[in-house]
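The primary structure of each chain is shown beneath.
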Amino acid sequence: MHLNHLKVDRDDRVVIVHLHRPQVLNALNSELMNELIDTLAPLDRDPGVGCFLITGSQRAFAAGADISEMASKTAPEMFAEDYFAGWERFTALRTPKLAAVSGYALGGGCELAMMCDTIIAADTAVFGQPEIKLGVIPGIGGTQRLTRLVGKAKAMDLILTGRTMDAAEAERSGLVSRVVPADRLLDEATAAARTIASYSKPASMAAREAVDRALEVGLAEGSRFERRVFHALFAGEDQKEGMRAFLEKRPPDFTGH
Ligand code: CO8
């Protein structure tokens, strides 16, 4: 498949996607969205792929949805196209997704990072939902995911003022899992992705699904879901292998079965 807006690398069981529209700070247009989803969807079902790593350039992860694509659209057009509903296919990917953010992650860029399972940030990262400055609001899940991740006070602050936050504030508020020096970002994120990809894929898929449940249902229901998924993993060879390897004091050899 020829890709106009992405560069894709493979590191054994990790697929690394570089957003690549340098002339517009990786602004997310429909073509980029479709390329990303069409690239990742077949790999999602590939047992040889254990983690997706999504990253941008040093200057920008992505500076938002593409304003020039949206600017002149009418409401009936947006509605008829269900503009950007395709991103739901990205969130539906079941392979663990890691975002490595350097520079700007604004608007749709921040929303894309939040659609990933976790975010590792460079110390240069800048997060924000500045849509209010354009006369609109976040439209790819920002009001929902940011609020769940950082709480109402900070989500309201960011969304209503349109201000940005730096990597240290993003880590303090729980938006990102770790902050690393910018020149170490890709190495650190790739190492984390390799670790994730080295485990049993059914287990990592189940783990991320169970964690996501915590944001959707109450504690009792979520705990019951977790326990049933835990029970189900005992049907797989990887559970037997992982526990046997521990008892035999050797590294496990997971097959995804
Ligand atoms: N869309 C299109 N082009 C962009 C975008 C963008 N989001 N961001 C930057 N660019 C372009 C600039 O127009 C510029 O192009 P050119 O060189 O042709 O003038 C180029 O990228 C470089 O940008 P700047 O010259 O502005 O670079 P600076 O370093 O001066 O500034 C900033 C960097 C601060 C990141 C600045 O570019 C900026 O403010 N960008 C816009 C940020 C923004 O508002 N993002 C939110 C967009 S809206 C959104 O994401 C809503 C999603 C909801 C979708 C709803 C679907 C239902």
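Worth saying up front: this structure is predicted, and the values here are computed from it rather than measured.

Visitor: Would you explain the overall build of the protein chain in this entry?
Guide: Across its full length, the protein chain holds 12 helices and 10 strands. For the protein chain, whose C-alpha radius of gyration is 19 Å, the value lies close to the compact-globule estimate of 18 Å for 257 residues. Dimensions along the principal axes, computed over C-alpha positions, put the protein chain at roughly 60 × 45 × 40 Å. When the 257 residues of the protein chain are sorted by exposure, 44% land in the buried category. Of the contacts made within the protein chain by residues no fewer than 6 positions apart, 67% connect residues no fewer than 24 positions apart. Here the protein chain displays about 13300 Å² of accessible surface, and carbon together with sulfur accounts for 57% of that area. Averaging the locations of the 30 positively and 35 negatively charged side chains of the protein chain gives two centres separated by 5 Å.

Visitor: Whenever I open this one, helix α1 (residues 30–44) confuses me. Can you help?
Guide: Each α-helix winds once per 3.6 residues, and so residues spaced three or four apart point in a common direction. For α1, spanning 15 residues, the distance from its first C-alpha to its last is 21 Å, which sits close to the expected 21 Å at 1.5 Å a residue. For α1, every residue scored as buried is listed here: Leu32, Met33, Glu35, Leu36, Ile37, Thr39, Leu40, Ala41, Leu43 and Asp44. The elements touched by buried residues of α1 are β1 (6–11), β2 (14–19), β3 (51–55), α4 (87–91), α5 (108–115) and α10 (201–213).

Visitor: Would you take a moment to explain the pattern of salt bridges for this structure?
Guide: When their charged atoms lie close together, side chains carrying opposite charge are able to pair. A full pass over the atoms with the stated rule returns 15 salt bridges. Among the ionic pairs, Glu81 bridges to Lys73, the shortest N-O distance being 3.0 Å. For Lys73, a relative accessible area of 25% translates into the label partly exposed. Across the salt bridge formed by Arg250 and Glu248, the nearest N and O atoms sit 2.7 Å from each other. A relative accessible area of 30% means that Arg250 is categorised as partly exposed. Linked by salt bridges that have partners in common, Lys154, Asp157, Arg163 and Glu169 make up one network.

What counts and how
- Residues numbered from 1 in each chain as written.
- Predicted model: local features only at pLDDT ≥ 70, side-chain atom pairs only at ≥ 80, totals over all residues.
- Heavy atoms only, no water.
- Helix = DSSP H or I, 4+ residues; strand = E, 2+ residues; numbered from the N terminus.
- Rg over C-alpha atoms; globule rule 2.2 N^0.38 Å.
- Buried < 20%, exposed > 50% of the residue type's maximum accessible area, 1.4 Å probe, protein only.
- Contact = heavy atoms within 4.5 Å.
- Areas by Shrake-Rupley, 256 points an atom, 1.4 Å probe, with all protein chains shown as cover.
- Lys, Arg positive; Asp, Glu negative; His and termini not counted.
- Charge placed at Lys NZ, Arg CZ, Asp CG, Glu CD.
- Expected span 1.5 Å × (residues − 1).
- Salt bridge = Lys/Arg side-chain N within 4 Å of Asp/Glu carboxyl O.

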